Structures are given as structure tokens and as C-alpha cells.
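Below, each chain spelled out in residue letters.
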Amino acid sequence: MRFRLVWLTWLLLLGCWNPFHPPSVEGPAYPLPTQPEQVIQNLQTAYIAKDLEAYLSCLDPDSFKFYFDSQEDSIAEILREYWGLDSLVWGYSQERIATEELFDAVNSIQLTLFSRGLQYDSTGTRATALYDYILSLDPSPPDIDLVEGRALFVLRKRPSDGLWYIVLWQDYALEE
């Protein structure tokens, strides 16, 4: 018993172990989004890590809008059945709900993004980025191994902090 007490005291003194302050778990690094590409990289990292708060920090909570491709026939039924969403367009609150449901429903997510270009407006405070993506979920929905698509992001540089946020995300199915 005395050996255990000495060992615990030694660990406490060295700062190696503290029962009242367990070691923090290191997560992925999220650089400040000082450029639009960093926002997209943070979004990808957060999605793979299933880190809801980091994911949501990529979105402008005051003006974010998400649009699904209305040409994709089955998506409305999937959204209604699995997430209780009746629209192909939603804002920040609905995005939080949908993403949280997704993160809770799967064990792992793989998301690969391929940049197809980035353009700034004349003021340098808005940017449009186009990405192709491949999304894989485990477990995956029935009859779906990979989801491939194209995402158009409109980002805005917020004057208050100089950081970039996604204000619009349009999701499109790739033509087969």
C-alpha cells in the first residue's frame, strides 16, 4: 500500500497524472480560416473526425443556406424518412440537426474533396469554390457504397474578425 501511495504522489508531483484533471485527448488541428481554402480543409477534417462543433464553426450561423440538387429524385424521400426534413433547402439550425444525426448514425466517415477552382469577387470579401467529393460512410445506407457529387461553396470574409465562413452550400449529383 505504501508503494502505491509513493507512486501516486510521485506522479502527481511530476504532473503526469491528476485524478481531478484527466489528460485531454488531442483532436485534429483546425487552423484559423484566414483563407477560403482553410475553411474547406477544416470542414473536411471535422467531417472525418465527426466533430460537430468544429464543423459548425465553418458555417456562418447568421446566413448559412444549404441546397440539395432538386434533380436528384430520391434525396427528398431519404431526407424525410431518415432526418424528418421536408425541404431540399435549409439553414444553420437544420444543418446542425442533420449533421448531428449523421455523425451519431455512423461509425466512420471518409470524405475526399477535389478542388475544381476558386474565384474571388471584386472586393476580395466573397469567394466561390467548386469541389468534387467522394463520401463513404460506415455503415453505409442500403445499396450505396460511395456518394459522389459536386459542392459549390460561397464563402464570406466577416469584417468583424477577418475570418472566412461558408454562407451557401449547393450540393449536386455528378452526371453518370
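Placed above this text is the structure.
Worth saying up front: this structure is predicted, and the values here are computed from it rather than measured.

Engineer: Just checking my understanding: could you explain the overall build of the protein chain for this structure?
Structural biologist: A tally of helices and strands in the protein chain yields five helices and six strands. Along the protein chain, helices (α) and strands (β) appear in the sequence α-α-α-β-α-β-α-β-β-β-β when read from the amino end. Considering only residue pairs separated by 6 or more positions, the protein chain has 52% of its internal contacts joining residues 24 or more positions apart. For the protein chain, the exposed surface amounts to about 11400 Å²; the carbon and sulfur share of it is 54%.

Engineer: Which parts of the structure should I look at to understand the pattern of salt bridges?
Structural biologist: When the charged atoms of two side chains with opposite charge come close together, those side chains can pair. If you walk through the whole model with that rule in mind, you get five salt bridges. The partner of Asp161 in a salt bridge is Arg158, and the shortest N-O contact between them spans 4.0 Å. Take Asp161: its relative accessible area is 35%, and that puts it in the partly exposed class.

Engineer: For this particular structure, what's the right way to read helix 5 (residues 92-105)?
Structural biologist: Count 3.6 residues to each turn of an α-helix, and residues three or four apart come out pointing the same way. Between its terminal C-alpha atoms helix 5 stretches 20 Å, which fits the 20 Å expected from 14 residues at 1.5 Å a residue. Looking at helix 5, one finds that the buried residues are Glu95, Ala98, Thr99, Leu102 and Phe103. Along helix 5, the residues classed as buried sweep out an arc of 130° about the axis, all on the same side. Residues of helix 5 that are exposed and angled more than 90 degrees away from the buried face: Ser93, Asp104 and Ala105.

Engineer: Any chance you could explain the side chain of Gln170 here in plain terms?
Structural biologist: With respect to the element layout, Gln170 can be found in strand 6 (residues 164-173). Excluding residues that lie within four positions of it along the chain, Gln170 makes contacts with Tyr67, Arg150, Ala151 and Leu152.

Engineer: Looking at this structure, how should I read the sheet that holds strand 5 (residues 147-157)?
Structural biologist: Sheets are built from strands that pair by backbone hydrogen bonding, the pairs being arranged parallel or antiparallel. A sheet is described by the order of its strands in space; here six strands give the open sequence 2-1-6-5-4-3, paired in mixed fashion. On the outer flanks of this sheet lie strand 2 (89-91) and strand 3 (108-120), each paired with one strand and no other. The average angle at which neighbouring strand axes cross in this sheet is 20°, direction not considered. Lying on the sheet, helix 5 is in contact with strand 1 (65-68), strand 2, strand 3, strand 4 (126-138) and strand 6; it crosses strand 2 at an angle near 100°.

Engineer: What is the right way to look at the pairing of strand 5 in this model?
Structural biologist: If a strand is regular, its side chains alternate between the two faces of the sheet. Both strand 4 and strand 5 contribute to a ladder of ten bridges, which runs antiparallel. Following the sheet pairing, Asp132 is matched in strand 5 by Arg150. Pairing between strand 5 and strand 6: nine bridges, direction antiparallel. Looking at the pairing, Phe153 lines up with Trp169 of strand 6. In this structure, the hairpin formed by strand 5 and strand 6 is closed by a connection of six residues, where Gly162 is found at a positive phi of approximately 75°.

Engineer: Help me understand the environment of Asn42, please; the structure alone is not making it clear to me.
Structural biologist: You can see Asn42 is positioned in helix 2 (residues 36-49). In this structure, the C-alpha to C-alpha distance between Asn42 and Tyr55, residues 13 residues apart in sequence, is 7.3 Å. For Asn42, the contacting residues outside a window of four places in its chain are Tyr30, Pro31, Pro33 and Cys58.

Engineer: For this particular structure, what's the right way to read the pairing of strand 6?
Structural biologist: With eight of its ten residues buried, strand 6 lies for the most part within the structure. Pairing geometry for strand 1 and strand 6, over four bridges, is parallel. Pairing of Phe66 across the sheet is with Trp169, part of strand 6.

Engineer: What is the right way to look at the nonpolar core in this model?
Structural biologist: Burial of nonpolar side chains together is a common tendency in soluble globular proteins. Membership of the largest hydrophobic core comes to 33 residues, with the highest contact counts inside it found for Tyr47, Tyr55, Ile109, Phe153, Leu155, Ile166 and Trp169. Of all elements in the fold, only helix 2, helix 3 (52-56), helix 5, strand 3, strand 4, strand 5 and strand 6 reach the threshold of two or more residues within this core. With six residues, strand 4 is the single largest residue contributor to this core. Setting aside residues no more than four positions away along its own chain, Leu155 makes contact with Pro36, Val39, Ile40, Thr125, Arg126, Ala127, Ala129, Trp164, Tyr165, Ile166 and Val167.

Analysis parameters
Residues numbered from 1 in each chain as written. Predicted model: local features only at pLDDT ≥ 70, side-chain atom pairs only at ≥ 80, totals over all residues. Heavy atoms only, no water. Helix = DSSP H or I, 4+ residues; strand = E, 2+ residues; numbered from the N terminus. Contact = heavy atoms within 4.5 Å. Areas by Shrake-Rupley, 256 points an atom, 1.4 Å probe, with all protein chains shown as cover. Salt bridge = Lys/Arg side-chain N within 4 Å of Asp/Glu carboxyl O. Buried < 20%, exposed > 50% of the residue type's maximum accessible area, 1.4 Å probe, protein only. Expected span 1.5 Å × (residues − 1). Arc of directions from axis to C-beta. Pairing = 2+ DSSP bridges. Axes fitted to C-alpha atoms, helices over the stretch in contact; angles between N-to-C directions. Core = buried A, V, L, I, M, F, W, Y, C linked by side-chain atoms within 4.5 Å.

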